[in-house]
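Inside the fold
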Amino acid sequence: MKIYVQTDLEGVAGVINVTDYLAPAGRYYEKAKRLLTEEVNGAVRGFAEGGFDGIVAADGHGAGAVDIELLDSRARLMRGWPTGWPLLLDGSYDALAFVGQHAKAGTEYAHIPHTQSWHYLDLTVNGISVGEYGQLVLCADELGIPVIFASGDAAFCREAKELTPWVETVVGKVGTTPGSGDELDADAYGRSHETAVHWHPELVRRRIEEAALKAARRFHEDPSQFGRIDIEPPYKLVARFRKHGDAEPHEVEREHPSSIAELMDML
Ligand SMILES: [Zn+2]
């Protein structure tokens, strides 16, 4: 049984802000990588105990953020980004999971929410608003692969439950910034949602392990309790971008007759 574990840095407990934690030049970048990798290890322990013997941690953060030397050796590390969608996910996987994920652009009370970059206001596929979680979940759905587990900040977990009510979630921190930030330009938006209350990393890792085990057991009992997304082809994507420098807010539309993954590659 094989599981694809998508990882990102912004949703990890203890990852505090953009400047110090998210880019290689940041003074706490190495700490951030360790914090993410230990959360991933919690998930690996749970999934392994729950019967998954093929665990692949996909490093989804822009600059890369999983430290392979600290990674539980039952998992393999995959760097598929930046390939096209669906980020090297394929039909060989049985299930999908997320660790350290952040909420989509414009989410109130989220910690460092964004969709791909600071530039997006929103992205919809057939009217369904999706962030990075929803995009990969839709691609997985197209392959018949269900999402079973997701961890990140509280607003992200609400987003995950709204799109996929069956998913097991773990909250590692709670963003405290009100408002969507839709009125801000891209640079200001990137600094706008950095306040949060974080749980202790050790506690979060234990909760991740327990919930990953629970998700794995539920999956093995009856995979059909992890549902499918209610969406039918043809597919239409609408991306709305915020103002940036001299560029005014604008909208882009794309259509594809049969594939969400190929549709997203058209952006
Ligand atoms: Zn991200």
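Residues numbered from 1 in each chain as written. Predicted model: local features only at pLDDT ≥ 70, side-chain atom pairs only at ≥ 80, totals over all residues.

1. A look at the overall build of the protein chain
Applicable threshold: Starting at the N terminus, helices and strands are each numbered in turn, a helix being any DSSP run of H or I of at least four residues and a strand any DSSP run of E of at least two. The globule rule used for comparison is 2.2 Å times the number of residues to the exponent 0.38, while the radius of gyration itself is calculated over C-alpha atoms. Here a residue counts as buried when 20 or more other C-beta atoms fall within 10 Å of its C-beta, as exposed when 12 or fewer do, and as partly exposed in between; the C-beta atoms come from the backbone. Contact between two residues is assigned when their C-beta atoms, built from the backbone, lie within 7 Å.
Tallying secondary structure elements over the protein chain gives seven helices and eleven strands in all. Here the C-alpha atoms of the protein chain give a radius of gyration of 17 Å, agreeing with the 18 Å that 2.2 N^0.38 yields for 267 residues. Looking at the protein chain residue by residue over its 267 residues, the buried ones come to 49%. For the protein chain, the share of sequence-separated contacts (at least 6 apart) that also reach a separation of at least 24 residues comes to 67%.

2. Some details on the sheet that holds strand β3 (residues 75–78)
Counted only if it meets this: At least two bridges found by DSSP between two strands are what make those strands a pair. Lines are fitted to the C-alpha atoms to define the axes, a helix being fitted only along its stretch in contact, and any angle between axes, read from their N-to-C directions, falls within 0 to 180 degrees.
One open sheet holds the seven strands; their spatial order is β3-β2-β1-β4-β7-β8-β9, and the pairing between them is mixed. Edge positions in the sheet fall to β3 and β9 (196–198), since each of these pairs with one other strand and no more. Along the sheet, successive strands turn relative to each other by an average axial angle of 25°, direction set aside. With six bridges connecting them, strand β1 (residues 2–7) and strand β2 (residues 54–59) associate as parallel partners. Looking at the pairing, Y4 lines up with V56 of β2. Sheet contacts for helix α2 (residues 29–49): β1, β2, β3, β4 (95–101) and β7 (147–153); angle to β4, the most-contacted strand, approximately 150°. Of the strands in this sheet, β4, β7 and β8 (168–175) are in contact with helix α6 (residues 201–221), which crosses β8 at around 155°.

3. Focus: the sheet that holds strand β5 (residues 120–125)
Ordered by their spatial adjacency, four strands build an open sheet running β6-β5-β10-β11, and the pairing between neighbours is antiparallel. Of all the strands in the sheet, the pair left with one neighbour each is β6 (128–129) and β11 (250–256). Here β5 runs beside strand β10 (residues 235–241); their pairing, made up of five bridges, is antiparallel. Across the sheet, residue D122 finds its bridge partner in β10, namely R240.

4. Observations concerning α6
Inclusion rule: What a helix is expected to span follows from its residue count: subtract one and scale by 1.5 Å.
An ideal rise of 1.5 Å per residue puts 30 Å on 21 residues; α6 measures up with 30 Å between its terminal C-alpha atoms. Every buried residue of α6 is listed here: V204, R205, R207, I208, E209, A211, A212, L213, A215, A216 and F219.

5. What to know about the environment of Y109
Examined against the element boundaries, Y109 turns out to sit in the loop between β4 and β5. Each C-alpha atom, one on Y109 and one on V174, is 7.4 Å from the other, the two residues being 65 residues apart in sequence. With residues near it in sequence (within four places) discarded, Y109 still touches A155, G175, T176, T177 and P178.

6. Regarding the environment of R34
Secondary-structure assignment places R34 in helix α2. By the C-beta count within 10 Å, which is 17 here, R34 ends up partly exposed. Counting along the chain gives 36 residues from R34 to L70, while the straight-line C-alpha distance between them is 7.4 Å. Once residues within four sequence positions are removed from consideration, R34 is found in contact with D67 and L70.

7. What to know about the packing of α2 against α6
The condition that has to hold: Oblique is the label for any angle not under 35 degrees, not over 145, and not in the 65 to 115 range, which are roughly parallel, roughly antiparallel and roughly perpendicular in turn. Here a crossing is taken to be left-handed if its near helix is turned anticlockwise relative to the far helix by less than a right angle, and right-handed if that turn runs clockwise. For this classification, the nonpolar set comprises Ala, Val, Leu, Ile, Met, Phe, Trp, Tyr, Cys and Pro, the charged set comprises Asp, Glu, Lys and Arg, and every other residue, Gly included, is treated as polar.
For the pair α2 and α6, interaxial distance at closest approach is 7 Å and the crossing angle is 30°. Our classification of the angle between α2 and α6 gives roughly parallel. Relative to α6, the crossing made by α2 is right-handed. Between α2 and α6, the residues in contact are L35, E38, E39, G42, A43, R45, G46, F47 and E49 and P201, V204, R205, R206, I208, E209, E210, A211, A212, L213 and A216, respectively. Taken together, the residues that form the contact of α2 with α6 break down as ten nonpolar, two polar and eight charged.

8. Things to note about the nonpolar core
A general feature of soluble globular proteins is that nonpolar side chains tend to end up buried together. What counts, and what does not: Think of a nonpolar core as buried Ala, Val, Leu, Ile, Met, Phe, Trp, Tyr and Cys residues chained together by C-beta atoms that fall within 7 Å.
Ranked by internal contacts, the top residues of the largest apolar core, which has 73 residues, are V5, A43, A97 and I148. By residue number, the principal contributor to this core is α6, which donates eight residues. Excluding its chain neighbours within four sequence positions, the residues that come into contact with I148 are A95, L96, A97, V167, E168, A215, F219 and F226.

9. As for the pairing of β4
Among the seven residues in β4, seven count as buried, and that is most of the element. Of the strand pairs in this sheet, β1 and β4 are connected by five bridges, and their pairing is parallel. Looking at β4, one finds that V5 is bridged to A97. Bridge count between β4 and β7: four bridges; the pairing is parallel. Its bridge partner being in β7, A97 is matched across the sheet by F149.

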